[in-house]
Amino acid sequence: MNYNDICEGRFESRPNRFIAYVNIAGRTEKVHVKNTGRCRELLTDNVQVFLNKSNNPERSTAYDLVAVKKKERIINMDSQAPNKAVEEWLLRGGLFENITALKPETTYENSRFDFYVETPEDKIFIEVKGVTLEQENVVLFPDAPSQRAVKHINELAGAVKEGYKAYILFVIQMEDVMFFTPNRNTHPEFADALLRARQAGVEVLAYDCKVTPDSMKVNSPVPVRLSEIELAADSLMKWYDKGRRILPWREDATPYHVWVSEIMLQQTRVEAVKPYYDRFMKALPDIPALAEAGEEELLKLWEGLGYYNRVRNLKKAAQVIMEEHEGRMPEAYEELIKLPGIGSYTAGAVSSIAYGKRVPAVDGNVLRVLSRLRGDDRDISKAGVRTEIEEELRLAMPRERSGDFNQALMELGAMICVPAGAPRCTECPWEKCCDAHLTGRESEFPYKTPKKPRTIEEKTVLVIRDETRAALMQRPGKGLLAGMYEFPCLEGHLTKRQVIAYLKKQGLSVLKVEELEKSRHIFTHKEWHMIGYSVKVDELAKKGSQSSMIFAEPDEIKDKYPIPSAYHVYVQNFLS
């Protein structure tokens, strides 16, 4: 849009929203202000302004104040200019191709939206908001509370529910800014309404404008940052790019590598996973090999990682992939989450890291980081809260490099924003914007319902051996440590006398019984408190009356039979 007759002046004062006094060529002139907002940051003493001469001789003011010079930037401050510029832009095909109808000022429910547009496919409402407030190259809206703006946003969300498409378009009446964000300090209700509207399907866009003293034209899209997460994303990515860990699955992020590594990393530290990952990939380098692997081979490869259903589900999922997806791991989150053993986190990780899809991957690290960043006291142990956070993150995460963004959040939680103990806040890229840190409440987040105390079970482990072999038994096919092998393990803490009596009932000829060191192993909901005995017997294979016993040589215990890490102390005793 263009103005016809522009002159320059110097701002003197503004007695009310509609009137200003401007020095034009040495004389003070009363002029009309075409922006009823505050504009305090723009209309400063003696600032250069641009005025459009009115062609109406009946007016009490001969000029309209339409633009201002702020440092090297010209900012249009005409409240009517955004709608005019958008209408011209839409007619040029700026947002939609094949517009069949364009109507300004269209009423819907209790609101009057700026534009109603029809295309062959859609019926669309557009609300336009002009933006003139700029701080350190960031533009904000509104500059003062606006209940009307909140009402419009809420009713745009209502229109989406009725089948319309809806856009809120922030027209930035200047050029060359970093990003747009709602002015939460001035009007938090508006910022919250904007987030809810986007969650409901309203498109929130911002465009800057090429501005001269006598024209304004819609120019280029500007990033929109609606939440704390979006505002913090740039600093997080710079931190990640500068110092991210070099990890084997990260450097070769195929879908198979990402999937296996993420399953291994559940409940397990990165450094502990590395050798398991390398061994697993050498033995089972791809999905077909995993689908055909035998149960005991899988369990042996997984031995020591714990939570053994994870590897069983890996195989089940590999078989489904072979049968239903022609051996190729699905890309879509919705398909991935259907696979055995894959939940929302793993589906998000594979989809975003391996395929670049814009999907969140929310694990405990991410929940902790976001809770602290936002001072969010919701109970993260509740499934509904986790789902809400996933949706909030999905809408807030950058459109580019979504996989790296997810990994950066995980990395921040693993390396800096650590659980238990003090987070390393002075090394954090979010030190200056983290609510928990700024208020000194790091230890209060995240909040989750305290777990019930683990039950304690007492066990007696028997390392029954002859000259070279030890007795093993296979655990049941269902339940804790299903299908794994173990040394005979009895309930309770038995005395040496009780152990000898038990062994005699089994028909074993006991030569010697020695106490072994005590051990403790923690599972998710229980603890085993173990005592052990080394039992030397005469000719184990002939004397052992239990047909379920397996008599294993040291090399077989090392390489063949999968034994849970709960028995690590007793395995080492036998092998030493």
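Residues numbered from 1 in each chain as written. Predicted model: local features only at pLDDT ≥ 70, side-chain atom pairs only at ≥ 80, totals over all residues. Heavy atoms only, no water.

Q: Before we move on, could you go through the nonpolar core and cite the residues and values that matter?
A: By size, the foremost hydrophobic cluster in this structure holds 90 residues, and its most contacted members are Trp-259, Phe-280 and Met-329. Dropping the residues within four chain positions of it, Trp-259 is found in contact with Ile-287, Leu-290, Leu-314, Ala-317, Ala-318, Ile-321, Met-329, Ile-342, Thr-346 and Val-350. One finds Val-47, Ile-153, Ile-168 and Val-177 within the second-largest nonpolar core, a separate group that totals 49 residues. (Core = buried A, V, L, I, M, F, W, Y, C linked by side-chain atoms within 4.5 Å. Buried < 20%, exposed > 50% of the residue type's maximum accessible area, 1.4 Å probe, protein only. Contact = heavy atoms within 4.5 Å.)

Q: So what's going on with the packing of helix H7 (residues 270-283) against helix H9 (residues 295-302)? Which residues, and what values?
A: For the pair H7 and H9, the least separation of the axes is 9 Å and the interaxial angle reads 155°. Between H7 and H9, the angle falls in the class roughly antiparallel. Residues Tyr-276, Arg-279, Phe-280 and Ala-283 of H7 lie in contact with H9, whose contacting residues are Glu-297, Leu-298, Lys-300, Leu-301 and Trp-302. Its residues assigned to classes, the contact of H7 with H9 shows 6 nonpolar, no polar and 3 charged. (Axes fitted to C-alpha atoms, helices over the stretch in contact; angles between N-to-C directions. Helix = DSSP H or I, 4+ residues; strand = E, 2+ residues; numbered from the N terminus. Parallel < 35°, antiparallel > 145°, perpendicular 65-115°, else oblique. Nonpolar A, V, L, I, M, F, W, Y, C, P; charged D, E, K, R; others polar.)

Q: Kindly report on the sheet that holds strand S10 (residues 133-135), identifying the contributing residues and their values.
A: Taken in spatial order, the 3 strands line up as S10-S11-S13 in an open sheet, and their pairing is mixed. Looking at the sheet topology across the chains shown, the edges are occupied by S10 and strand S13 (179-182). With strand direction ignored, the average angle separating the axes of adjacent strands in the sheet is 35°. Pairing of strand S11 (residues 138-141) with S13, which is carried by 4 bridges, proceeds in the parallel orientation. From the neighbouring strand, Val-138 faces S13, where its bridge partner is Phe-179. (Pairing = 2+ DSSP bridges.)

Q: How would you explain the packing of aromatic side chains if you had to name every residue and give the values?
A: This model, assessed by the stated rule, comprises 18 aromatic pairs. Through a chain of ring-to-ring contacts, three or more aromatic side chains come together here, namely Tyr-108, Phe-113, Tyr-116, Phe-125 and Tyr-164. (Phe/Tyr/Trp six-rings, centres within 6.5 Å; stacked < 30°, edge-to-face > 60°.)

Q: I'd love a proper account of the pairing of strand S12 (residues 165-172), names of residues and values included.
A: Of all 8 residues making up S12, 7 are buried, and the element is well covered by its neighbours. Bridge count for strand S9 (residues 123-131) against S12 is 8 bridges, and the pairing is parallel. Pairing of Lys-129 across the sheet is with Phe-170, part of S12. Inspection of the sheet shows S12 paired to strand S14 (residues 203-212) by 6 bridges, in the parallel sense. Bridging from a neighbouring strand, Leu-169 pairs with Leu-205 of S14.

Q: Residues and numbers for the side chain of Ser-534, please.
A: Within the secondary structure, Ser-534 sits in strand S21 (residues 526-537). For Ser-534, a relative accessible area of 11% gives the class buried. Those residues in contact with Ser-534, other than ones at most four positions away along the chain, are Val-463, Arg-465, Lys-512, Val-513, Glu-514, Leu-516 and Asn-573.

Q: A description of the environment of Arg-465 should follow, citing residues and the corresponding values.
A: Structurally, Arg-465 is set in strand S16 (residues 455-465). Residue classification places Arg-465 among the buried positions, given a relative accessible area of 19%. As for Arg-465 and Tyr-502, which are separated by 37 residues in sequence, their C-alpha atoms are 15 Å apart. Each residue touching Arg-465, except ones within four places of it in the same chain, is listed here: Ala-470, Ser-534, Val-535, Lys-536, Val-537, Asn-573 and Phe-574.

Q: Give a description of the pattern of salt bridges that names residues and reports values.
A: Going through the model one piece at a time under the given rule, you end up with 41 salt bridges. Between Arg-378 and Asp-376 there is a salt bridge whose closest N-O contact spans 2.6 Å. Taken together, the salt bridges that share partners define one network made up of Arg-374, Asp-376, Arg-378, Glu-388 and Glu-392. (Salt bridge = Lys/Arg side-chain N within 4 Å of Asp/Glu carboxyl O.)

Q: Run through the packing of helix H4 (residues 228-243) against helix H15 (residues 402-415), naming residues and quoting values.
A: Where H4 meets H15, the axes come as close as 10 Å, and the angle between the chain directions of the two elements is 80°. Accordingly, the angle class assigned to the pair H4 and H15 is roughly perpendicular. Residues Ile-229, Ala-233, Leu-236, Met-237, Trp-239 and Tyr-240 of H4 form the contact with H15, whose participating residues are Asp-404, Phe-405, Gln-407, Ala-408, Leu-409, Glu-411 and Leu-412. Classifying every residue of the contact of H4 with H15 by side-chain character gives 10 nonpolar, 1 polar and 2 charged.

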